[in-house]
Amino acid sequence: FQRAIDALAHLPETPESARLGIDIRLELRHPATLLRQFDKVSEGLREAERLTRLLSDARRLGWVLSFLAEHYRLVYELGDALRAAEHAMKVATTVADHDLRVVANLYLGQVCWTRGDYQAAARHLRANVEALQGDLSRRLLGLAGPPSIISRSWLARSLAELGEFAEGITIASDGLRIAEQLTSVFALVHLCTNSGTVHLLRGDLDAAIPLLERALALAREHVPLHVTTGAAYLGYAYARRGRLPEALALLTEAVERAPS
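Residues numbered from 1 in each chain as written. Predicted model: local features only at pLDDT ≥ 70, side-chain atom pairs only at ≥ 80, totals over all residues. Heavy atoms only, no water.

## Considering the packing of helix H4 (residues 58–74) against helix H6 (residues 98–114)
At a minimum axis distance of 9 Å, the contact between H4 and H6 shows a crossing angle of 20 degrees. Taken together, the axes of H4 and H6 lie roughly parallel to each other. Considering only the axes of H4 and H6, their crossing is left-handed. Counted together, Arg59, Gly62, Trp63, Ser66, Phe67, Ala69, Glu70 and Arg73 of H4 and Asp99, Leu100, Val103, Ala104, Tyr107, Gln110, Val111 and Thr114 of H6 form the full contact between these two elements. When grouped by side-chain class, the residues that make up the contact of H4 with H6 number eight nonpolar, four polar and four charged. (Axes fitted to C-alpha atoms, helices over the stretch in contact; angles between N-to-C directions. Helix = DSSP H or I, 4+ residues; strand = E, 2+ residues; numbered from the N terminus. Parallel < 35°, antiparallel > 145°, perpendicular 65-115°, else oblique. Left-handed = near helix turned anticlockwise from the far one by under 90°. Contact = heavy atoms within 4.5 Å. Nonpolar A, V, L, I, M, F, W, Y, C, P; charged D, E, K, R; others polar.)

Encoded structure:
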């Protein structure tokens, strides 16, 4: 994708080349994010935003804003993340784009969760779960994992934070079943991490630790972005179990890997 962007710079500046430049940068965002190349993501999305505004392309602007919201959340710029997600939702409504609305709603729910607004997070994420049934539950919509699964994962976490453990466990189990059927590693990491954390918050270490161990193993092999979270939660679970040397090693790793 980076070579494609470099090659595009040699073409005349036309609306067609601008649209192509936007789409390539949106594709580049995913692998760069998973590799923790946040500067590359930021640079690409900001240029894509500039091009969409230059073209007055509302639909592409909505997608750029959605991905900017997730980028800002990952680097803990939560005010910018919330503004981008809310703007993306407005654009999705204006252009009546169902797929964009689902993705923007997912990222808005995640931003609300990260800000500690679990009620709002659950509301947004539940709307996605209800909207993505049947064959729609398998669609990727340009993401690393199906939004139906990722929405279930974060909804389960939101419910756990609200003390609704039974429903959270049921929703996480449904998401894990779908993820296993689709063999989506990214979705499995999400579901194992958040399902394990639901059990952890409930105090059920026997159920939590195997899920968190699986999540961290998968993240180390396939999804480096999520090693930090996996190490943090598994380290905490080990600490509560009394496995202190292992806990200390994992928690130290999580601190060292976390964005500054």
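Text resumes after the structure shown.
## Some remarks on empty space enclosed by the protein
Tallying each qualifying case throughout the model produces two cavities of 30 Å³ or more. The space that makes up the largest cavity amounts to roughly 250 Å³. Taken together, 21 residues line the largest cavity, and the ones lying closest to its centre are Arg29, Thr33, Glu70, Tyr107 and Phe186. Of all the secondary structure elements, the ones that give two or more residues to the lining of the largest cavity are helix H2 (15–34), H4, H6 and helix H10 (185–202). In terms of residue count, the dominant contributor to the lining of the largest cavity is H4 (five residues). Tallied by class, residues from the lining of the largest cavity come to eleven nonpolar, seven polar and three charged. In this model, the second largest cavity occupies a volume close to 30 Å³. Contributing to the lining of the second largest cavity are Arg25, Leu28, Arg29, Ala32, Lys40, Val41, Gly44 and Leu45. Listing elements by their share of the lining of the second largest cavity, those giving two or more residues are H2 and helix H3 (38–55). Its residues placed into classes, the lining of the second largest cavity shows four nonpolar, one polar and three charged. (1 Å grid on protein atoms, 1.4 Å probe; cavity = no way out; pocket = protein on both sides within 12 Å on 5 of 7 lines; lining within 4 Å. Points joined across faces, edges and corners; volume = space filled by probe spheres on them.)

## Here's the deal with the nonpolar core
In this structure, Leu26, Phe67, Val103, Leu155 and Leu234 are the most contacted members of the largest nonpolar core, which totals 86 residues. If you tally residues by element for this core, the top one is H6, at ten residues. Apart from the residues within four sequence positions on either side, Leu155 is in contact with Ala122, Leu125, Arg126, Val129 and Ile171. (Core = buried A, V, L, I, M, F, W, Y, C linked by side-chain atoms within 4.5 Å. Buried < 20%, exposed > 50% of the residue type's maximum accessible area, 1.4 Å probe, protein only.)

## A few points about the packing of H10 against helix H12 (residues 227–241)
Two elements in contact, H10 and H12, have axes separated by 11 Å at closest approach and are oriented at 25 degrees. Judged by the inter-axis angle, H10 sits roughly parallel to H12. In this structure, H10 crosses over H12, and the sense of that crossing is left-handed. Touching Thr193, Thr197 and Leu200 of H10 are Thr229, Tyr233, Tyr236, Ala237 and Arg240, all from H12. Residue composition of the contact of H10 with H12, grouped by class: four nonpolar, three polar and one charged.

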